[in-house]
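# Examining the three-dimensional arrangement
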Amino acid sequence: MSTLLTREEYENIARNLALPNEAFIDGAFRPAISGKTFRTTNPATGAVLTEIAACAAEDVDLAVASARTAFDDGRWSRLRPGERKEVLLRLCELMARDATELAVMESLDSGKTIFDCTTIDVPETIHCLRWHAELIDKIYDQVAPASDNHIAMVVREPVGVVGLVLPWNFPLLMLAWKIGPALAAGCSVVLKPAAETSLTALRVAQLAHEAGVPAGVLNVVPGSGSAVGEPLGRHPDVDMVSFTGSTVTGRRFLHYSADSNLKEVVLEMGGKNPCVVMDDAEELDVVAAHVVNGAFWNMGENCSAASRLIVHKDIKDALLEKVMTLAAEWKVGDPLDPTVRVGALVSKAHFDKVCTYLAATKQGEILMGGRAIDGVFVEPTIVDVGSNDSLLAREEIFGPVLSVITVSNFDEAIAVANDTEYGLAASLFTANTKRAIRGARAIRAGTVTVNSFGEGDIATPFGGYKQSGFGGRDNSIHAHDQYTQLKTIWLDLNVASDAGKN
Ligand code: NAP
Ligand code: MG
């Protein structure tokens with residue numbers, strides 16, 4: 001675990017941070033062509049951090065042209081995989097060198113706690129990039145079964161110019177999930193960070209350049225969804241888009257693709273993830289710790305947040321008592337205080353949205369919390385919602401709100417778990433192995449963790465069933481499928497002049 005500094009030390013680093021604020025296109029920082037800028041703020045204090053280049057369609061055109069030239073001339077796409085690996089490993093070294101600065105920048109821009117940024121976001125980002133770098137010179141192509149007179153090769157080629165569109169909840173980590181396999185595969189990238197959280201993406205582009213990623217291979221174009229995300233999604237020279245964000249926006253990218261060049265589209269979207277706890281679950285203290293982490297980690301601004309606790313009636317009271325005791329220990333407040341576990345929500349606008357759900361908690365029984373503090377902070381909140389039909393059990397809140405639903409048996413628990421339009425992640429607590437496996441198979445979600453909350457790790461695919469995902473998976477060797485396409489090369493060894501000879 002990375003060593004934590006004191007709040008004063010983090011504040012000092014924050015004061016002296018040089019913040020990148022221009023687009024990174026063709027190997028250099030540059031302002032938006034229009035000259036326009038937008039403010040990025042620290043949600044915890046409301047302070048303006050800097051004015052960032054507000055890019056638009058013409059900047060996207062420039063970045064895509066640069067990415068296309070880089071891809072076609074092979075400066076990156078045709079390097080040996082081991083050469084790309086070395087450059088990406090150098091990037092990881094530079095990020096490790098600047099880890100504290102990156103963690104502070106991430107925390108300031110997003111309201112995420114310095115505790116999480118230091119111990120999870122930055123190290124996991126580096127780990128993810130390193131994993132894909134290390135993988136790329138160990139993947140083999142295939143030779144298909146064919147007659148002695150033929151060789152049928154099945155090779156993977158980088159898909160080309162890829163557009164990556166990111167959310168604000170894990171700015172660095174989502175960037176790594178996508179640029180890791182994309183750059184390792186040899187693609188050229190045009191990346192749009194969420195407007196709320198562009199800083200660390202711009203810094204990573206600069207570090208990648210310093211590490212030796214050639215100009216044009218990693219472009220970062222900041223700006224709004226409509227000004228940058230849409231032109232990227234509609235661009236005729238972008239071969240593929242990988243998006244992470246809400247289901248509402250994800251759906252748009254399918255339209256953009258259909259209306260333009262039928263680019264490949266991969267979507268990682270929302271979730272309303274069930275956490276099923278059966279009456280035979282062992283070690284309720286441990287279960288409670290997973291429930292709290294699942295619901296309140298990252299302020300609940302987490303696509304895989306376990307936001308529906310589906311609990312057997314016979315252990316409900318005992319479990320909830322432990323959950324509430326633990327949740328009460330999660331300090332809410334200044335994200336730069338390393339003892340704080342619940343920081344600021346990402347923006348006033350998102351806070352206002354979460355507050356509409358806090359108002360709806362009155363429809364159920366509020367067991368804990370329910371209050372907003374200082375404009376952007378929300379206490380860990382637990383509500384007995386009665387039925388899975390309640391608004392709080394159906395919609396992705398993206399705040400620290402846990403909805404509790406009581407069930408009487410295993411089959412009912414699984415039915416409630418599946419009663420959602422989403423299918424990203426789920427967790428199931430039971431000591432019965434048969435039930436564990438039956439349940440894990442029956443729950444329609446991309447990841448089911450048994451007797452723990454989590455997302456697997458970098459070696460396991462992550463993505464959604466139903467309206468949580470489309471077209472592919474992040475993480476693991478399967479992530480490479482997004483950024484490569486298959487080509488068949490069929491070699492005919494028959495020689496006409498040899499006919500009749502041995
Ligand atoms: P969002 O509003 O859908 O935004 C995601 C990205 O799309 C942002 O960069 C946004 O730009 C851009 N965008 C917005 N409108 C657009 C449009 N009309 N055309 C093209 N691009 C557009 O999502 P968010 O609020 O940032 O992120 C939270 C969501 O992400 C949650 O639903 C969460 O579950 C999901 N998420 C999923 C995963 C996963 O792996 N499945 C992981 C993390 C988060 P601007 O915001 O800059 O305008
Ligand atoms: Mg910000």
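The residue numbering used here restarts from 1 in each chain and proceeds along that chain's sequence as written. Here every chain gets a letter starting at A, and every ligand a number starting at 1, in the order they are written. Reporting of local features is limited, given that this is a predicted model, to residues whose pLDDT is at least 70; pairs of side-chain atoms are given and counted only at 80 or more, and all residues count toward the totals for whole chains, interfaces and linings. Values reported for side chains reflect all heavy atoms of the structure, with hydrogen atoms and water molecules removed beforehand.

## Some details on the overall build of the protein
Think of it this way: any DSSP run of H or I at least four residues long counts as a helix, any run of E at least two long counts as a strand, and we number them from the N terminus. What the protein contains, in helices and strands, is 16 helices and 24 strands. Only C-alpha atoms enter the radius of gyration, while the globule expectation follows 2.2 Å times N to the 0.38, with N the number of residues. A compact globule built from 502 residues would reach a C-alpha radius of gyration of about 23 Å, and the protein, at 24 Å, matches this within 12%. Dimensions of the protein, computed from C-alpha atoms along their principal axes, come out at roughly 85 × 60 × 45 Å. Exposure classes here rest on a 1.4 Å probe applied to the protein chains alone. A residue is buried below 20% of its type maximum, exposed above 50%, and partly exposed in between. For the protein, with 502 residues in total, the buried portion stands at 55%. Should any heavy atoms of two residues lie within 4.5 Å, those residues are considered in contact. For the protein, the proportion of contacts with a sequence separation of at least 24, taken over those separated by at least 6, is 74%. Here, Shrake-Rupley sampling with a 1.4 Å probe gives the accessible areas, and only protein chains in the shown set may cover a residue. When the accessible surface of the protein is summed, it comes to about 20100 Å², and 51% of that surface belongs to carbon and sulfur atoms. Distance between charge centres in the protein, computed from 45 positive and 64 negative side chains, equals 3 Å. Here the positive residues are Lys and Arg and the negative ones are Asp and Glu; neither His nor the chain ends is included. Charge placement uses NZ in Lys and CZ in Arg. For Asp and Glu, CG and CD serve respectively.

## Considerations on the packing of helix H14 (residues 410-418) against helix H15 (residues 433-442)
H15 packs onto H14 with a crossing angle of 25° between their chain directions and a minimal axis gap of 10 Å. By the angle class used here, H14 and H15 are roughly parallel. The handedness of the crossing between H14 and H15 comes out as right-handed. The segment H14 lies against H15, with Phe410, Asp411, Ile414 and Asn418 engaging Arg435, Arg438, Gly439 and Ala442. What counts as an axis is a line fitted to C-alpha atoms, over the stretch in contact for a helix, and the angles between N-to-C directions run from 0 to 180 degrees. In what follows, roughly perpendicular refers to angles from 65 to 115 degrees, roughly parallel to angles under 35, roughly antiparallel to angles over 145, and oblique to any angle outside these ranges. By definition, any crossing whose near helix is turned counterclockwise from its far helix by less than a right angle is left-handed, and any crossing with a clockwise turn is right-handed.

## Digging into the environment of Lys362
Inspection of the secondary structure puts Lys362 in the loop between helix H12 (348-360) and strand E14 (365-368). When its relative accessible area of 66% is taken as the criterion, Lys362 is described as exposed. Along the sequence, Lys362 and Val165 sit 197 residues apart, while their C-alpha atoms lie 36 Å from each other.

## Observations concerning the coordination of the magnesium ion (ligand 2)
Donor atoms from the polypeptide that bind the magnesium ion (ligand 2) are Thr41 (O), Asp109 (O), Asp109 (OD) and Glu196 (O), placed at 2.3 to 2.5 Å. In primary-sequence terms, the residues that donate to the magnesium ion (ligand 2) follow T-x67-D-x86-E. Note that Asp109 is positioned in helix H4 (residues 99-110) and Glu196 in the loop between strand E8 (188-192) and helix H7 (199-211), a separation of 87 residues in sequence. Judged by relative accessible area, Glu196 falls into the partly exposed class, the value being 30%. Each metal site is built from N, O and S donor atoms within 2.8 Å (3.2 Å for Na, K and Ca), and since water is not included, such sites may look incomplete.

## Observations concerning the nonpolar core
Taken as a class, soluble globular proteins show a tendency for nonpolar side chains to be buried jointly. Counting residues in each nonpolar core, the largest one holds 126 residues, and the members touching the most others are Val162, Ile179, Val189, Leu191, Val277, Leu309 and Leu319. Per-element accounting of this core gives the leading share, eleven residues, to helix H6 (residues 171-185). Residues within four places of Val189 in sequence aside, it is in contact with Val162, Leu164, Ile179, Ala182, Leu183, Val217, Leu218 and Asn219. Throughout, nonpolar core names a set of buried Ala, Val, Leu, Ile, Met, Phe, Trp, Tyr and Cys residues whose side chains join them through atoms within 4.5 Å.

## Some remarks on the sheet that holds strand E6 (residues 150-158)
Strand order in the open sheet formed by three strands is E5-E6-E24, and the pairing between neighbours is antiparallel. Here the strands that pair on one side only, and so sit at the sheet edges, are strand E5 (142-144) and strand E24 (484-492). Pairwise comparison of adjacent strand axes, ignoring direction, gives a mean angle of 30° for this sheet. Paired strands, as defined in this entry, are two strands with at least two bridges between them according to DSSP.

## Digging into unusual backbone geometry
Positioned with a positive phi, Asn298 is a non-glycine residue whose angle comes to about 55°. Relative to the helices and strands, Asn298 resides in the loop between helix H10 (284-296) and strand E13 (308-312). Residue class for Asn298 comes out buried when judged on its relative accessible area of 0%. Of note, the phi angle at Ser476 is positive, near 70°, even though the residue is not glycine. With respect to the element layout, Ser476 can be found in the loop between strand E23 (469-470) and helix H16 (479-483). On the basis of relative accessible area, Ser476 is assigned to the buried category, the value being 0%.

## Let's talk about the layout of surface pockets
We place a 1 Å grid over just the protein atoms. Points where a 1.4 Å probe fits but has no way out form a cavity, open points with protein on both sides within 12 Å along at least 5 of 7 lines form a pocket, and any residue with an atom within 4 Å of a point lines it. Grid points are joined across faces, edges and corners, and a volume is the space filled by probe spheres set on the points. Space inside the largest pocket adds up to approximately 970 Å³. Listing elements by their share of the lining of the largest pocket, those giving two or more residues are helix H8 (225-234), strand E10 (240-244), helix H9 (247-259), H12 and helix H13 (391-394). Broken down by element, the residue count for the lining of the largest pocket peaks at six residues, all from H9. Three categories are distinguished: nonpolar for Ala, Val, Leu, Ile, Met, Phe, Trp, Tyr, Cys and Pro, charged for Asp, Glu, Lys and Arg, and polar for the others, with Gly belonging to the last. In the lining of the largest pocket, the residues fall into 19 nonpolar, 15 polar and eleven charged.

## Some details on the UniProt feature "domain: Aldehyde dehydrogenase" (unreviewed entry) in the protein
Under the present numbering, the feature "domain: Aldehyde dehydrogenase" (unreviewed entry) in UniProt falls on residues 34-489. As annotated, residues 34-489 comprises 41% helix and 21% strand, and the C-alpha atoms at either end are separated by 46 Å. UniProt positions are given in the numbering used here, feature names are shortened, and annotations may be inferred rather than shown by experiment.

## Regarding the UniProt feature "active site" (unreviewed entry) in the protein
Here, the residues flagged by UniProt with the feature "active site" (unreviewed entry) are Glu268. Locating Glu268 in the fold gives a position in strand E11 (residues 264-268). Setting aside residues up to four positions removed in sequence, Glu268 forms contacts with Lys178, Phe243, Thr244, Gly245, Leu424, Phe462, Gly463, Gly464, Ser468, Gly472, Arg473 and Asp474.

## Things to note about the pattern of salt bridges
The term salt bridge refers to a side-chain nitrogen of Lys or Arg lying within 4 Å of a carboxyl oxygen of Asp or Glu. This structure, assessed with the given rule, holds 31 salt bridges. When the shortest N-O distance is used, the salt bridge between Arg75 and Asp73 registers 2.7 Å. According to the relative accessible area criterion, Asp73 is partly exposed, its value standing at 40%. With its nearest N and O atoms 3.0 Å apart, the salt bridge here joins Asp419 to Arg394. Pair noted here: Asp419 is in the loop between H14 and strand E19 (422-423) and Arg394 is in helix H13, with a separation of 25 residues, a long-range link.

## Details of the site of ligand 1
Only a single heavy atom is needed: when it lies within 4 Å of a molecule or strand, its residue is near that molecule or strand. Looking at ligand 1, there are 31 residues lining it, with Leu166, Ala195, Ser246, Tyr256 and Glu396 nearest. Between ligand 1 and the protein, one listed contact pairs an oxygen atom with a backbone N or O atom of Gly245 at 3.3 Å. Starting from 910 Å² of accessible surface for ligand 1 in isolation, the protein chains cover 88%. Its atoms largely coinciding with the cavity grid, ligand 1 occupies the largest pocket. Breaking the shell around ligand 1 down by element, the ones donating at least two residues are H8, E10 and H9. Think of a polar contact as two N or O atoms within 3.5 Å of one another; within protein, one of them needs to be a possible hydrogen donor and the other a possible acceptor, and neighboring residues in sequence only count if both atoms come from side chains. Here the criterion for a molecule occupying a pocket or cavity is that more than half of its atoms lie within 2 Å of the pocket grid points.

## Some remarks on H9
Helix span, as expected, comes to 1.5 Å for every residue beyond the first. If you check H9, its first and last C-alpha atoms are 19 Å apart, about what 13 residues at 1.5 Å a residue would give, namely 18 Å. Burial in H9 covers these residues: Thr247, Gly250, Phe253, Tyr256 and Ser257. Angular distribution of buried residues about the axis of H9 spans 165°; they occupy a single face of the element. Exposed side chains of H9 directed beyond 90 degrees from the buried face belong to Val248, His255, Ala258 and Asp259. Packed against the buried residues of H9 are strand E7 (161-165), H8, E10, E11 and E19. This arc describes the spread of directions from the helix axis toward the C-beta atoms.

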